[in-house]
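Here are the chains, one letter per residue:
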Amino acid sequence: MWFCNNPYEQFNTYGLEWNEKEYIFYINGVETGRLSTGGVSQNPEYLILSVEMRGEDGIPSQRDNAPADGAEFIVDYVRVFDKE
C-alpha cells in the first residue's frame, strides 16, 4: 500500500520514529508500519541512506509503476533529532 500516487514520479517525505519499544515508519506523514520483532537497538547507530530494491542478485523485480532501469534517489535534506 503506497501513501503517494507514484513514488517514482513525485517527491515524498519518509520518516522513522525509533523509540525504546519499536520502530514506526511514515510516508508523507502517514504511519505505514511498525516493527519490534527481534528487539530494538538501544545503542548509538550511524545513519545510512540507501536505495533498497526488491529482487535477487541486484536484479529488481517487476512491479507496477517501477521504471525498467531503476529509480533516481534524490535527497533534498535529512533531519535527525531527539524526541523530547
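My aim in this report is to walk through the structure given alongside it, one point at a time. Each residue is numbered by its place in its chain's sequence as written, counting from 1. For this predicted model, a pLDDT threshold of at least 70 governs which residues receive local features, and a threshold of 80 or more governs which side-chain atom pairs are given and counted, while totals over whole chains, interfaces and linings are taken from all residues. Excluding hydrogens and water, the side-chain figures rest on all heavy atoms present in the structure.

Bringing the sheet that holds strand 2 (residues 23–27) into the picture now. The antiparallel open sheet is built from three strands, whose spatial order is 1-2-3. Both edges of this open sheet fall to strand 1 (14–18) and strand 3 (30–35), since each of them pairs with a single strand only. Sheet twist, expressed as the mean angle between neighbouring strand axes with direction ignored, is 20°. Relative to strand 2, strand 1 runs antiparallel, the two being bridged by five bridges. By the bridge assignment, Trp18 is partnered in strand 2 with Tyr23. A pair of strands counts as paired when DSSP detects no fewer than two bridges linking them. Here a strand is any run of E in DSSP of at least two residues, a helix any run of H or I of at least four, and the numbering for each starts at the N terminus. The axes are straight lines fitted to the C-alpha atoms, using for helices just the contacting stretch, and the angles between their N-to-C directions are given from 0 to 180°.

It is worth spelling out unusual backbone geometry at this point. The phi dihedral of Asn28 is positive, around 55°, even though this residue is not glycine. Tracing the backbone through its elements, the reader meets Asn28 in the loop between strand 2 and strand 3.

Nothing here speaks to function; it is all geometry.
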